Structure formats: C-alpha cells, structure tokens
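Residue-level structural notes
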Amino acid sequence: MKKIQSALISVFYKDGLENIIKELQTLGVTIYSTGGTQKFIEELNVPCVPVEALTSYPSILGGRVKTLHPIIFGGILGVRDNATHKHEMEQYKIPEIDLVIVDLYPFEETVKSTTDEKLIIEKIDIGGPSMIRGAAKNHKDVVVVAAKKDYKILEEILKDQKGETSLEQRRAFAIKAFDVCTGYDTAISNYFNQLSVETPFNKEKKSLRYGENPHQSAVFYGNLNELFTQLNGKELSYNNLVDVDAAIQLITEFADYKESVFAIIKHTNVCGIAARKTLKEAWDAALAGDPESAFGGVLVSNTAIDKATAEAINEIFFEVLIAPSFTDEALEVLRSKKNRVLLQLHHAPLSIMQNKSLLNGVLIQQNDIGNYAEWKEVSSRETTPNEKENLSFANIVCKHLKSNAIALVKNKQLIGKGCGQTSRVDALRHAIGKAHQFQFSLKDAVLASDAFFPFSDCVQIAHEAGITSFIQPGGSIRDKDSIDYCKQHNLAMVITGLRHFRH
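Read on for a plain summary of the structure. On a predicted model such as this, the values are computed, not experimentally measured, just so you know. (Residues numbered from 1 in each chain as written. Predicted model: local features only at pLDDT ≥ 70, side-chain atom pairs only at ≥ 80, totals over all residues. Heavy atoms only, no water.)

Okay, helix 17 (residues 457-465) next. Every buried residue of helix 17 is listed here: C458, V459 and A462. Down the axis of helix 17, the smallest arc covering the buried residues is 95°, so these residues share one side. Buried residues in helix 17 make contact with helix 16 (424-437), strand 21 (446-449), strand 22 (469-472), helix 18 (479-488) and strand 23 (492-495). Looking one or two residues beyond helix 17, the residue adopting positive phi is G466, at roughly 115°. (Buried < 20%, exposed > 50% of the residue type's maximum accessible area, 1.4 Å probe, protein only. Helix = DSSP H or I, 4+ residues; strand = E, 2+ residues; numbered from the N terminus. Arc of directions from axis to C-beta. Contact = heavy atoms within 4.5 Å.)

As a further point, take the sheet that holds strand 23. Strand order in this open sheet of six strands is 18-23-22-21-19-20, and the pairing throughout is mixed. The sheet is open, and its two edges are formed by strand 18 (376-377) and strand 20 (414-418), each paired on a single side. Across four bridges, the pairing between strand 22 and strand 23 is parallel. Residue pairing for strand 23: I471 is matched across the bridge by V494. (Pairing = 2+ DSSP bridges.)

On to the packing of helix 4 (residues 70-77) against helix 8 (residues 127-137), then. At a closest axis distance of 8 Å, the pairing of helix 4 and helix 8 adopts a crossing angle of 30°. With respect to helix 8, the axis of helix 4 lies roughly parallel. Of the residues in helix 8, those touching helix 4 at I72, F73, I76 and L77 are G127, S130, M131, G134, A135 and K137. When its residues are assigned to classes, the contact of helix 4 with helix 8 shows six nonpolar, three polar and one charged. (Axes fitted to C-alpha atoms, helices over the stretch in contact; angles between N-to-C directions. Parallel < 35°, antiparallel > 145°, perpendicular 65-115°, else oblique. Nonpolar A, V, L, I, M, F, W, Y, C, P; charged D, E, K, R; others polar.)

Turning our eyes to something else, we now look at the packing of aromatic side chains. Under the counting rule described, the total for this entry stands at 12 aromatic pairs. Considering the side-chain rings of F107 and Y191, the 5.9 Å spacing of their centres and the 85° angle between planes classify their relative orientation as edge-to-face. Here the residue F107 occupies a position in helix 6 (residues 107-113), and Y191 occupies one in helix 10 (residues 167-192), the gap between them amounting to 84 residues. Of the two residues examined, F107 and Y191, each falls in the buried class. Plain terms: the ring middles of F262 and W283 are 5.1 Å apart, the flat faces sit at 65° to each other, and that makes the pair edge-to-face. Of this pair, F262 sits in strand 11 (residues 260-266) while W283 is found in helix 12 (residues 279-289), placing the two residues 21 residues apart along the sequence. (Phe/Tyr/Trp six-rings, centres within 6.5 Å; stacked < 30°, edge-to-face > 60°.)

Shown next, in the form of structure tokens:
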C-alpha cells in the first residue's frame, strides 16, 4: 500500500472534482495546481501550491508551456525505492508527486464544433498526455486519474482507505490512462488524415431492412440516438435515413431563424419550404409550393409541432416528421397512424466530414458549411430590404437542391425549383414551369443559383418571367454579361463568392 501525500491537479473540466479536493484536504495532502484549476481549488478555501512556485517559471507561450519542466516530471517519474533517483530528487529539490489528476483538452469536441484549423490545433494537448503517460508508467508509486468518469472511484478509495492505494488499484488506473491517451492520439491522427473523428470504424452497426431497393442489403454505422428520439413509427429505412439527413442539414440552417420554418423533402431535394409567423402558416405555404411532390415526403420544422399544424399535416401521406418537440395534443393526432415516423430532434451537431463510397475507394470531404463568403451587390441598384431577406432565404434553399439547381422564392416561400438538371437553363425552365403549374406569379420574385451563370441567358429568361433580383456565387469569366444585363434593366444582383454544388 502507498499513501498519497501530494497531488498535482490540472484539469479542463472541473465538475465532479470538489469532493476529491475536500477529501485530499482532510487527509493533509499537499496540492499543486495550475491556472484555472488552481483558482477553482482556492475558491473552495483549500490551500494550493502553484506549479510556478516549484518551477520558478510562469506559464509561457500563451499557456502552451506550464508543466513541461524537470521538477514536475521528476516528481512524477522518480522511483521511490531507487537510491539514485532519491539522491537526485533531493539534490534538485524535486518533491514527490503521488497523485496526478489530469484530463486532456477537448480535441474531439472542438473538431465537431468548428472547422477553424487554428482553434483545433490549439486543442492538441502536450503537457497533459505527457503527465498522464509519466504517471501511468510510474504506477508502482503514483496514482493517475485521466478522466472525470473515474473521479467517483478515486473519491471512494480516498474515503475508505484513508488515502492509501494498492498496486492493483494503481495499475487499473494506469491502464485506463493509457487508453485515454491512445484514443486521444487516434482522434488527432484521424483529423490529420482528413477523417472524421466519428468514422464507421468506431461506431455501432445496425442492419437495415434493405437498401435503396428491396434487393439490396444495407447497414448503418452510427448512433442515431445522439441526433434524435423516435417517438412513433416503424424502423427507419435506408431511403428514410438519406432523406432525414437532408432534412436535418437543411433545418439546421434555420435553427435560430426569427420565424417558424417548415420544409418538405423528397429524394433529398427541398420540394416545399416557407417561413411564417406561425408554424401552421409555414406548413400551409410550404405545401402550397408543390402539393404534388409532397406526397410521401419527409417533413421537418424548426419549432415545436402544435395541434393545429398536426391536424393539417395529418391529412396527407408522409413518411417522417422531424421537429425539436411536439405538444401532447399534436402527438395524439399524429400517432393515429402507427407506421408514421416521428422524430424529436436534439441539438447534436452533424459530422463536419462526409464520406462517399465510389469506384474502388472512398471520397472524404468537409461538409458544405456557410452560405456566402461575401455579400457583394454588383448591379446599378442595391437590393431592397425585402429582396435581401428573400435572396438570403433562397440562397439557403438552393444550397440544399441537387445541381444544377435554381430556387425561386417570393415572400419567404419556395414557389419554383429546378434541380438535378444537366444545364442551368433547363433548371431555370423547370423552376418557372413549377411556379406556373401551381398558379404562382413570378412578379418581383427572387432567384438563387447554386453556381455561376456562364452566359446572360438565365438572367434574361428569369427577368422576362417577372424576377427582379438574383443571388449567385460568381466566378465565370463571363460574369460581366449577366451583371451588365442587370444594370441595363434595373435588376439587383448579389455575388456570394461561395458555390454550392451538390452531386
């Protein structure tokens, strides 16, 4: 048995640590700490020795170097029954460190939440893994705790064994510590190999009823419970999952939108979407945009489903409905059909990377994050506030249509779309045809294109149909043709600098 007489504590997450610190104080353990952890300990009125007092060096290089010092690592790695180690520790005034509580910077969480490489790299911990490995290597003499999930175990040992630990206990902590470092290094390696931290290789496997067609087998790798809770209906199929993914990617763009947004997805394309003051109004407008295509679609909302909306959508056949919540009255209405899938969406981020199997390998790319790199008004007149609001809305919608894509929007309602066409002119003609099919006037409507106009023909055709403002990424060697047409006819045009191809 070894008695803990000193401890080094330096953690990113402080929750769950308070009881351990108080127990260490009761046992008379000397505590060394750094930065935010030191402040946390002192606010508990527990004495704490700053690491700087041992090393005679402050935290330097913006916090990159705090604990990387011979005195700290000597205190962790010194073998207590080695006479040479003992002599050198006394010679250089290196205190023995019997307990190391260190966790790691949240690298995986940062990768999930941002694509900013500078921020991600700063979350690669150097001192933490080094201290954890050192303490785990020297577990004959040192206790190491590398994850907050093990705080409770340590707390019980401190209470029950009065601060003493057995070799078996120290070895068990060491094994967990090495596992933490291994997982951390793997996540970093995956990132630099341009792989998502959450890959099919480290997710659970779920067999599906069949694939895209009944004769195809299929498997899903992942944890759907992280994203949503299924409140009703049969198991999600391959095609359901593909459309649900498209729906969630779309509605995430409107998570903080000032109005209720309702969208209808069919074969991954938006076939109806609108923003209104009430959800029922948003549903009515979304459905009106293309009631024909809505049959058998996947529905998604950015706000809670209420009874009035539930009663309205209950009148049509749909496969899946996704929303952040449902009122009890709405659920009662919607559960009238047992196979209808209802999903309550959590605020869990989607993967920032996409994998696509093709040929004899896999393509990996970053998700299409962001809507425009700039907002550059290039015509002879600027957009009106109403046009600007509708252009922004249309640009998001167009981003979620298959290329070549055109979205026509009026009063924050999709009134015509052309998607998956082999030419941009065909996409535009299809969009205009859809609008006319459902009796929409294109007068003063806006147009979004997922890529540049190679000629002025699209702008001219749209203008003749009544459209008065455009948003597109630009980048054609003949951008000037479309811009000049807009200037000559008092039309507004915005260049975004960000293309949104979707193949």
